[in-house]
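Observations on chain architecture
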Amino acid sequence: MIVGFVSKTPAGTYRANWRDSANRQKAKTFRTKKEANAFLAEVEGAINRGTYVDPHAGRMRFGEFVTRWLAGRSVEARTAERTDSMLRAHLLPQWADWPLAKIDYLAVQEWVTNLGRTLAPSTTAKHLGMLSMIMQTAIRARLIAVNPCEGVRVPHNRAREARAGTISREAFFGRLLPAVPADHRGIVCAAAGAGLRWGECAGLPWEAVDLDRGLLHVAQVAVETHGGIVLRAYPKTRAGVRAVPMPPFLVDELRRQRGAGSPDGRALVFADRDGGPQRRSNFRRRVWLPSLVRAGLLGRVAQVAPGRWLAVWPDRGGREQRAEFATETAAVTHAATSAVGGLRFHDLRHSYITWLVTDGVPVNVVRRVVGHEKASTTLDRYTHTPEDYADRVRLTFADDSLTFRLSPRPADLGDALSSGPEGARERDDPRRGDAVSSCRPLPAGGTPRRRAGSERHRSTFRVDPHRCSCCLLAASLPDASLTSSAHRTPARPRVAARSESRLSQRPSAHSCPAPLRSTPLSAAVHSLSRHTRSIASLDGGCGRLG
């Protein structure tokens, strides 16, 4: 099929003529006939593949296309409001008069780099994502062939990166919560004790609170727009509809807030003075930031003399600023207004998730409780390193029962046996998995040795693989369960041929250690031994079970 042809113009150039997929006549002029033929070949291939794009379609200006793009969108009110803000602030001032086909990779990269000098990396990435979404729609509309935003990199401004913070439980209960006014402690407890988002807290009705069972049912949320606050019957994601178990401190705070009466089920738990949902900006300015200042988590306020209060707060560069005021309220208000940074209300949700994960709650359970659709979001974005991570790492190795020594080489066994009691003590460690002929006795007199550098008494021994199950059970428990026994069975002589020892010289019976009576763990061992009589009889029997 012949798509088009090339003709020479009176000016000496060459015009490529073709019909597009809609059978409309098109033409484009080139300097040489070779260029015109190559272009026709590309057009023919694109038409056959179904990827043909009209070269003249890209003449539509960006501002005109955005108007059509907005008319075809169907999104939530908050999303539409955020899109309009981004378009008016940064996208339309830069690209409104540009033809779509003229927007290329280098122009977009230069624009993003300039944005990164004044905006945080996350904000810059959102603007780039908005432009990429618009250009991708232009590709689907067959107006341009490629997306110029592909491969554009967002510059990282580490000084302006927003860092999510967390607070320890000790600091929350000891410093922050007492500094929050009593009328607003409930909403702070809901964020820190149930991991609720701001909209979920502001839109929570009393009918969703089950104080008897200790559950919060999250469904209704409050969404803020410039036109007001709207209550929406569904949360941010599908996974957001959930039941959250409440800790006792949150249950107690909600009981105190509810009082003796029974409020209307549709009434909001954390309502403003008029009974409607609170506005986030007002809460932050009037309650949250002053509470951080009073708690010493965002600057500090101290009385330096009667009638004189010193306010200290950090500026954008991290430097401390100071000023004196006549009243504490004025000092707190000024520090809260002027300070930069500090813990965000949403960081209580980060703290809640970090507490759960650090305490060993399975990630799939945490994901369900906080309403995330993916566990990767819970781990990558909301889980942070706790402040006491160093102590937690050391605590893992604090139990010296986890330490061990390398097993001696076979050639060194004789030296270890002849090196005296200390050598025998080092060898006889059941945690290494070594198996010799019998349990090793305690030193003469039944007094356990003290390990160098340790306050714990320890009696170590080896377990014969042919011993009964109660001996193996005792060997698997910590050494403290064996320190009180002063009687051990004497060691059986070694047999030269190990295979003969296992097959032909397996004992038919043996005597177990004397009952251990000094420690609760010892009593637990022999309590379990009563339930292993049948196993013990198969292994040759125990003479002193129970």
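Residues numbered from 1 in each chain as written. Predicted model: local features only at pLDDT ≥ 70, side-chain atom pairs only at ≥ 80, totals over all residues. Heavy atoms only, no water.

Turning our eyes to something else, we now look at the packing of aromatic side chains. What the rule picks out here adds up to 12 aromatic pairs. Here the aromatic rings of tryptophan 95 and tryptophan 111 are separated by 5.8 Å at their centres, their planes lie at 70 degrees, and the arrangement is edge-to-face. With tryptophan 95 in helix α3 (residues 77-95) and tryptophan 111 in helix α4 (residues 105-116), this pair connects stretches of sequence that are 16 residues apart. This pair shows no difference in class: tryptophan 95 is buried, exactly as tryptophan 111 is. One aromatic cluster in this structure is built from Phe172, Phe173, Phe249 and Trp355. One cation-aromatic arrangement involves arginine 349 over tyrosine 382; the distance from NZ or CZ to the ring centre is 5.4 Å. (Phe/Tyr/Trp six-rings, centres within 6.5 Å; stacked < 30°, edge-to-face > 60°. Helix = DSSP H or I, 4+ residues; strand = E, 2+ residues; numbered from the N terminus. Buried < 20%, exposed > 50% of the residue type's maximum accessible area, 1.4 Å probe, protein only. Lys NZ or Arg CZ within 6 Å of the ring centre and 35° of its normal.)

Next up on the list: the pattern of salt bridges. Using the criterion set out here, one finds 18 salt bridges in the structure. In this structure, the salt-bridge partner of arginine 279 is glutamate 224, at a minimum N-O distance of 3.7 Å. With a gap of 55 residues between them, arginine 279 in the loop between α9 (248-258) and α10 (280-295) and glutamate 224 in strand β6 (residues 221-225) connect regions that are remote in the sequence. For arginine 279, a relative accessible area of 28% puts it in the partly exposed group. Overall, glutamate 224 belongs to the buried group, its relative accessible area being 18%. With a closest N to O distance of 3.3 Å, arginine 392 and aspartate 388 form a salt bridge. Linked by salt bridges that have partners in common, Arg169, Asp359, Asp388 and Arg392 make up one network. (Salt bridge = Lys/Arg side-chain N within 4 Å of Asp/Glu carboxyl O.)

This part is about the side chain of aspartate 347. Mapped onto the secondary structure, aspartate 347 falls in helix α12 (residues 347-358). Exposure remark for aspartate 347: the relative accessible area of 1% places this residue in the buried category. Within the local environment of aspartate 347, its side chain forms a polar contact with the side chain of arginine 344, the two groups lying 2.8 Å apart. (Polar contact = N/O pair within 3.5 Å; in protein donor to acceptor, adjacent residues only side chain to side chain.)

With that settled, the discussion passes to helix α7 (residues 185-194). Burial within α7 is extensive, with nine of its 10 residues counted as buried. Taken residue by residue, α7 has Gly186, Ile187, Val188, Cys189, Ala190, Ala191, Ala192, Gly193 and Ala194 as its buried positions. Taken from the residues just after α7, glycine 195 is the one with a positive phi, measuring 70 degrees.

Here we come to the confidence of the model for the protein chain. Averaged over every residue, the pLDDT of the protein chain is 77; residues scoring 70 or more account for 69%. Mean pLDDT in the protein chain bottoms out at helix α18 (residues 469-476), which sits at 37, and peaks at α7, which reaches 96. (pLDDT = per-residue confidence, 0-100.)

All right, on to the pairing of β6 then. Remember that side chains alternate between the two faces of the sheet whenever the strand is regular. Counting buried residues in β6 gives five out of five residues, a clear majority hidden from the surface. Here β6 shows no split at all, with Val221, Val223 and Thr225 on one side and Ala222 and Glu224 on the other all buried. Sheet topology places β6 next to strand β7 (residues 228-232); five bridges connect them, and they run antiparallel. Its bridge partner being in β7, glutamate 224 is matched across the sheet by isoleucine 229. Between β6 and the antiparallel strand that follows it, β7, lie two residues. (Pairing = 2+ DSSP bridges.)

A few words on unusual backbone geometry. Phi at arginine 142 is positive, roughly 60 degrees, even though this residue is not glycine. Counting through the fold element by element, arginine 142 comes out in the loop between α5 (121-140) and α6 (169-179).

This part covers the sheet that holds strand β1 (residues 4-8). Whenever strands of a sheet pair, they do so through backbone hydrogen bonds, lying parallel or antiparallel. One open sheet accounts for three strands, arranged β1-β2-β3; its pairing is antiparallel. Pairing within the sheet leaves two strands with one partner each, and these edge strands are β1 and β3 (25-30). The mean angle between the axes of side-by-side strands here comes to 20 degrees, regardless of whether they run parallel or antiparallel. The strands touched by helix α1 (residues 33-49) within the sheet are β1, β2 (14-19) and β3, with β2 carrying the most contacts at an inclination of about 15 degrees. (Axes fitted to C-alpha atoms, helices over the stretch in contact; angles between N-to-C directions. Contact = heavy atoms within 4.5 Å.)

A word on the packing of α12 against helix α13 (residues 363-370). The geometry of α12 relative to α13 is characterised by a closest axis approach of 10 Å and an angle of 155 degrees between their N-to-C directions. It follows from the interaxial angle that α12 and α13 lie roughly antiparallel. In the packing of α12 onto α13, the handedness of the crossing is right-handed. Residue-level inspection shows Arg349, Tyr352, Ile353, Leu356 and Val357 of α12 in contact with α13, the latter providing Val366, Val369 and Val370. Here the residues of the contact of α12 with α13 are counted per class, giving seven nonpolar, no polar and one charged. (Parallel < 35°, antiparallel > 145°, perpendicular 65-115°, else oblique. Left-handed = near helix turned anticlockwise from the far one by under 90°. Nonpolar A, V, L, I, M, F, W, Y, C, P; charged D, E, K, R; others polar.)

Strands sit in the order β9-β10-β11 across an open sheet of three strands; the sheet is antiparallel. Unpaired on one side and paired on the other, β9 (300-305) and β11 (320-325) mark the two borders of the sheet. The sheet shows a mean angle of 25 degrees between the axes of neighbouring strands, taken without regard to direction. Two strands pair when backbone bridges link them, and strand β10 (residues 308-314) and β11 are joined in this way by six bridges, in the antiparallel orientation.

Another aspect to go through is the packing of α4 against α5. Two elements in contact, α4 and α5, have axes separated by 9 Å at closest approach and are oriented at 155 degrees. In this view, α4 runs roughly antiparallel relative to α5, as classed from their interaxial angle. Two packed elements cross with a definite hand, and for α4 against α5 that hand is right-handed. Residue-level contacts link Val108, Trp111, Val112, Leu115 and Gly116 of α4 to Thr124, His127, Leu128 and Leu131 of α5.

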